[in-house]
Amino acid sequence: MRSNRYSFIAGVALMALAHAAHALLPIQHWETSRGARVYFVENRDLPMLDVSVDFPAGSGFDTREKSGTANMTNNMLRLGAGGMNEDEVARKLADIGAQFSGRFDNDRSGVGMRMLSSPQERKASLEMLGRILNQPEFPASVLEREKARLIAALKEADTMPDTIAARTFSRMIYPTHPYGLRGSGEVDTIAKLTRDDLAAFHRRYYTAERAIVAIMGDVGRDEAAAIAEALTSALPKAAADAPVLPPVPPLEKGETRWITHPATQSHILMGGPGIRREDPDYFALFVGNHILGGGGFNSRMTDEVRQKRGLAYSAYSYFSPLLREGPFVIGMQTKGEQAKEALAVARKVVTDFVAQGPTAKELAAAKQNIVGGFPLRIDSNRKIHEYLAVIGFYRLPLTYLDDFVGKVERITAEQVKAAFQRRVHPDRLVTVVVGQAEQQAALEETARRP
Amino acid sequence: MSPQIAAPGLLIRSLVALVLLFAGAVGAWAAASAPIVESTLPNGMRILVKTDRRAPVVVCMVWYKVGSMDEVSGTTGVAHVLEHMMFKGTKAVPTGEFSRIIAEAGGRENAFTSRDYTGYFQTLHKSQLPLVMKLEADRMSNLVMSADEFSKEIRVVMEERRWRTDDRPRALVYEQMMAAALRAHPYRHPVIGWMSDLENMRVEDAQAFYERWYAPNNATLVIVGDVSPQEVQKLAAQHFGPLKQKTLPRRKITEEPAQLGQRQFTVRAPAELPYVLMAYQAPALRDPNNEWEPYALEMLANVLDGNEAARLNRTMVRTDRVASSADASYDGVGRGPGMFYLSATPSQGRSVQDAEQALRREVAKLVAEGVTEDELQRVKSQAVASHVYERDSMFFQARQIGSFAMVDLPPDAMDLFLEKLKLVTPEQVQAVAKKYLVEDKLTVAYLDPQPLDGKKPSAPPAGLRHAQ
């Protein structure tokens, strides 16, 4: 009785939303004189502006020998640029209230700034952003210090069970692909980096032709065009052989690895290479994963592991779609002696889901949550700006957000099942468990210590 | 570096909300946007509404003025355990239904517990506001806690404790710091609770805590979003209005006796790098109109560590290279005592004592020479900008309003803070440094890193058998 009424209320909201969704977010798009792609939404509600410039220059573009070059290049941009040393840059940014941010992941590397839109602050902020982006100096002495800091941080991180699990997992699912390289680089590769490596990386990857500019906030189209032009016109020129990421080879077999660690909890990761951002199954997998382990308290993984058995505080699954096949990950942490039980539950949940797909009820509930919650995805400048950057980088349609609700609503249980069967192979999952040896020794899993 | 210091002991029900809680929390100054409209229901429930029509979305939060500082010995962690149990059902909305209904309505929801308060929130399309208010009113007075659900959930909380604290060396340092820097005030207990208290906890403990503290006259409704104060007031009267007030227990909080000398201790735990954390007892903000010291301490923390050009980073990390990171923060908004923190990780080849000495040199320099007008001006410029940026997040605004209300500050205190911070002088900053950054108020903690293979696995907690 009660729950029917709730459903009715939700249904009304969905219909209202479906109408409102169009023309919700008019994205303007153009290219600069040098071919940088620009994505812009004008919004005058708040006197502020978000601007970012990204490049396909993430850790996937690193080489094994010089792993860490992409990250260090990004990190060093603001530490000395255009005749200003790192302190002068930092002081200037603080004085004008600008918030600088670097972006770095497997695919992308870039810079962003949140600034006040009042003319004086905006001008000063953009001048600084342009300086950082176009004229980094990579001072050798600063580089030596940053290398030492990063190496110390890595050594610290490498004592943590979550880091050990994540690194092992990544190397196992990408044994040869650069997605398996550590984003920050390894201790020995970082130690060898020189300022010439960074300058060369900047020259080759931070080029105008490869730049994606996202602008959101309190400026008009003409001003936005001038901003994009000014930020990118002095960038290096792309070489003829544009760097591309190699394809990801599929896993031939599953493997489980147990690693001894004194932590009270075992950290479990399970999965394999997942999907590309442009995969036609994207929405089927997105909706399906919401049901499997992405939808918080209502997902199967949380329900079985946490709600029904109290085995973990957090149990989840996600796809991380990239230019190439980004990872599909199932994860949880549980007290050492429960690791085996948790692992068995997680395996059963994913195996059943891939074999049978979602129930009609689960699918309906997931769609209601995603569709009804759509306004939450674009309720701030920051979120909209993030979408602009993603739409631009992955060349998604400009109508991506307008189409979003419709695409979700059209997904069928059959499509979810078929997509999972194409992309997730329960018999070939990589599993990593990092935890206490005593408990692990008692387990009858085919343990293979590294 | 130390999120547990940036947000002391704030626990949330699941990881999902972490991003929400801390994204955009860079600066914290309210804006000259729509005013916060306040009203009170006849049963004592307070209502605070801020209209923001940029998106058809509302953030709904129900805050209870009860946190871990209201727990009594032997039941530490019960405020947070109750927060988990609040999702386990009422007669009308059985176990699991709350989250299911919110999800079906397109909402996101979670909850958080701190030393001072417990809060529950939903973010959803504005048309769903009546639904969530109905649900919140229901669980404010009709919660049903079964021993069976409790036995599962307490295990989840123990996992949360292991994940959050037991396996994280720096979290252990912070936990022990509170227990060492404070000898009597309940802030010395972790919000998550000591493990033995979690093992000994029974459903009756959570039930008793609920009956004692969950009542409209101990609750504040905070709404930010695309809705008018009048609409909210009408809905609140309809859903929360019928709830009965309770006679709340007298709050008997043990005061912290004066510290009579420096304290120090060491935490040995598996880790790679050493670390030093220094905590000075400091005043908390009580009278925001007339006090000046808390504002001066806030400026002091920012001069040391408010931006990349600030003193600790510039001197210790960049120039002298004695530390790979160095932090300062002032925690002065709370129902309990305030604290001023300094911390550092020595760089390769430097000792933890070197890092500590460098921090102490910075303090001595502040006391001897003070700060420059230029440094203060830089912090003020950042504050003014943050004052604008924070308006981009409805969630952040709602959290700010609620957290002030919970510690008896005006809900729009950030407007006042910004004005007060602008008035702080270099002399005032020097004066608070001289007065509070002194040996007698200091506790120093060292993390002494141990090799990974040196630690024996701990025995399973005895109480768990009851839970299985």
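All values derive from a computational prediction rather than experimental measurement. (Residues numbered from 1 in each chain as written. Chains lettered and ligands numbered in written order. Predicted model: local features only at pLDDT ≥ 70, side-chain atom pairs only at ≥ 80, totals over all residues.)

A. Structural context of the pairing of strand 4 (residues 57–64) of chain B. Residue and element names in this part refer to chain B. Within strand 4, 8 of the 8 residues are buried, leaving the element largely enclosed by the surrounding structure. The alternating pattern of strand 4 places Val57, Val59, Met61 and Trp63 on one face and Val58, Cys60, Val62 and Tyr64 on the opposite face, and all of these are buried. By the bridge criterion, 8 bridges tie strand 4 to strand 6 (residues 118–125) in an arrangement that is antiparallel. Paired with methionine 61 across the two strands is phenylalanine 121, which belongs to strand 6. (Buried ≥ 20, exposed ≤ 12 C-beta atoms within 10 Å, placed from the backbone. Helix = DSSP H or I, 4+ residues; strand = E, 2+ residues; numbered from the N terminus. Pairing = 2+ DSSP bridges.)

B. Representation of the domain arrangement of chain B within the structure. In terms of domain boundaries, chain B breaks down into domain 1 (3–239) and domain 2 (263–454). The interface of domain 1 of chain B with domain 2 of chain B comprises 46 residues on the first partner and 48 residues on the second. (Domains from an automatic or database assignment. Contact = placed C-beta atoms within 7 Å.)

C. Structural view of the nonpolar core. Counting 276 residues, the largest nonpolar core has A:Ala346 and B:Leu300 as the members making the most contacts within it. Top element by residues in this core is helix 12 (residues 339–356) of chain A. It accounts for 9 residues. What A:Ala346 contacts, discounting residues up to four positions off in sequence, is A:Met270, A:Met301, A:Val305, A:Ile330 and A:Met332. (Core = buried A, V, L, I, M, F, W, Y, C linked by C-beta atoms within 7 Å.)

D. Geometry of helix 3 (residues 86–95) of chain A. All of the buried residues along helix 3 of chain A are A:Glu86, A:Val89, A:Ala90, A:Arg91, A:Leu93 and A:Ala94. If you follow the buried residues of helix 3 of chain A, they end up packed against strand 4 (99–104), helix 4 (119–134) and helix 5 (140–157) of chain A together with helix 12 (311–319) and helix 14 (373–389) of chain B. Positive phi appears at A:Gly97, one or two residues downstream of helix 3 of chain A, with a value of about 70°.

E. Examining the interface of chain A and chain B more closely. In this complex, chain A contributes 68 residues to the contact, which on the side of chain B involves 65 residues. In terms of residue class, the side of chain A that touches chain B is built from 27 nonpolar, 23 polar and 18 charged. (Nonpolar A, V, L, I, M, F, W, Y, C, P; charged D, E, K, R; others polar.)

F. A look at the confidence of the model for chain A. All names here are of chain A. Looking at chain A, the pLDDT average stands at 92 and 92% of residues meet or exceed 70. Note on residues 1–22: pLDDT under 50 across the span, and 33 contacts to partners over four residues away in sequence or across chains. Scored below 50 in pLDDT, residues 444–450 makes 9 contacts in the model with residues more than four places away or belonging to other chains. (pLDDT = per-residue confidence, 0-100.)

G. Geometry of the sheet that holds strand 10 (residues 327–335) of chain A. Residue and element names in this part refer to chain A. With mixed pairing, the 5 strands of this open sheet are ordered in space as 7-11-8-10-9. Of all strands in the sheet, those with a lone pairing partner are strand 7 (255–260) and strand 9 (315–319), marking the two edges. This sheet shows a mean twist of 15° between the axes of neighbouring strands, independent of strand direction. Packing of helix 6 (residues 161–173) onto the sheet brings it into contact with strand 7, strand 8 (265–273), strand 10 and strand 11 (430–435), and relative to strand 11 it is tilted by some 160°. In this fold helix 12 packs onto strand 8, strand 10 and strand 11, with an angle of close to 150° to the strand it touches most, strand 10. (Axes fitted to C-alpha atoms, helices over the stretch in contact; angles between N-to-C directions.)

H. Molecular detail of the confidence of the model for chain B. All names here are of chain B. On average, residues of chain B score 90 in pLDDT, and 90% of them are at 70 or above. In the model, residues 1–8 has pLDDT below 50 throughout and makes 15 contacts with residues more than four positions away in sequence or in other chains. Of the two predicted TM-score estimates for the complex, the pTM is 0.91 and the ipTM is 0.89.

I. Structural view of helix 11 (residues 300–307) of chain A. With respect to burial, helix 11 of chain A is a largely interior element, 6 of its 8 residues being buried. Taken residue by residue, helix 11 of chain A has A:Arg300, A:Met301, A:Thr302, A:Val305, A:Arg306 and A:Gln307 as its buried positions. In this structure, the buried side of helix 11 of chain A is in contact with helix 10 (282–294), strand 9, strand 10 and helix 12 of chain A together with helix 6 (147–166) of chain B.

J. Quick look at the environment of A:Thr73. Residue and element names in this part refer to chain A. Along the chain, the position of threonine 73 falls in helix 2 (residues 69–76). The spatial distance from the C-alpha of threonine 73 to the C-alpha of arginine 195 is 8.9 Å, given a sequence separation of 122 residues. In contact with threonine 73, other than residues within four places in its own chain, are Leu198, Phe201 and His202.

K. Region of the structure containing the pairing of strand 2 (residues 36–40) of chain B. Residue and element names in this part refer to chain B. For strand 2 and strand 3 (residues 46–51), the ladder comprises 5 bridges, and the chain directions are antiparallel. Note that in strand 3 the partner of valine 37 across the bridge is valine 49. Turn length for the strand 2-strand 3 hairpin, with the two strands adjacent in sequence and antiparallel, is 5 residues, and the turn residue glycine 44 shows positive phi of about 100°.

L. Representation of the sheet that holds strand 9 (residues 275–282) of chain B within the structure. All names here are of chain B. Strand order in the open sheet made by the 5 strands is 8-12-9-11-10, with mixed pairing throughout. Of all strands in the sheet, those with a lone pairing partner are strand 8 (263–270) and strand 10 (323–331), marking the two edges. For this sheet, the mean inter-axis angle between neighbouring strands, taken without regard to orientation, is 15°. Of the pairings in the sheet, the one linking strand 9 to strand 12 (residues 442–450) comprises 6 bridges and is antiparallel in character. Within strand 12, the position partnered with leucine 277 by the bridge is alanine 445. Its contacts with the sheet put helix 13 (residues 352–369) on strand 9, strand 10, strand 11 (338–346) and strand 12, and the angle it makes with strand 11 is roughly 135°.

M. Spatial organisation of the domain arrangement of chain A. All names here are of chain A. Domains assigned within chain A are domain 1 (28–232) and domain 2 (255–441). Distance between the C-alpha centres of domain 1 and domain 2: 28 Å. Taken together, the contacts link 28 residues of domain 1 with 29 residues of domain 2. Sorting the residues of the side of domain 1 that touches domain 2 by element identifies strand 2 (37–42), strand 3 (48–56), helix 6 and strand 6 (212–217) as the ones contributing at least two each.

N. View of the packing of helix 3 (residues 78–85) of chain B against helix 9 (residues 203–213) of chain B. Residue and element names in this part refer to chain B. Here helix 3 crosses helix 9 at 90°, and the two axes come no closer than 9 Å. As the angle between them shows, helix 3 and helix 9 are arranged roughly perpendicular. Taking contact as the criterion, the partners of Val78, Ala79, Val81, Leu82 and Met85 in helix 3 are, on helix 9, Asp205, Ala206, Phe209 and Tyr210. Looking at side-chain class alone, the contact of helix 3 with helix 9 contains 8 nonpolar, no polar and 1 charged residues. (Parallel < 35°, antiparallel > 145°, perpendicular 65-115°, else oblique.)

O. Up close: unusual backbone geometry. Even without being a glycine, A:Arg395 presents a positive backbone phi close to 50°. Assignment of secondary structure puts A:Arg395 in the loop between helix 15 (381–393) and helix 16 (400–410). Within the chain, B:Arg321 stands out as a residue other than glycine whose phi angle is a positive 55°. Residue placement: B:Arg321 occurs in the loop between helix 12 and strand 10. Residue classification places B:Arg321 among the partly exposed positions, given that 18 C-beta atoms sit within 10 Å.

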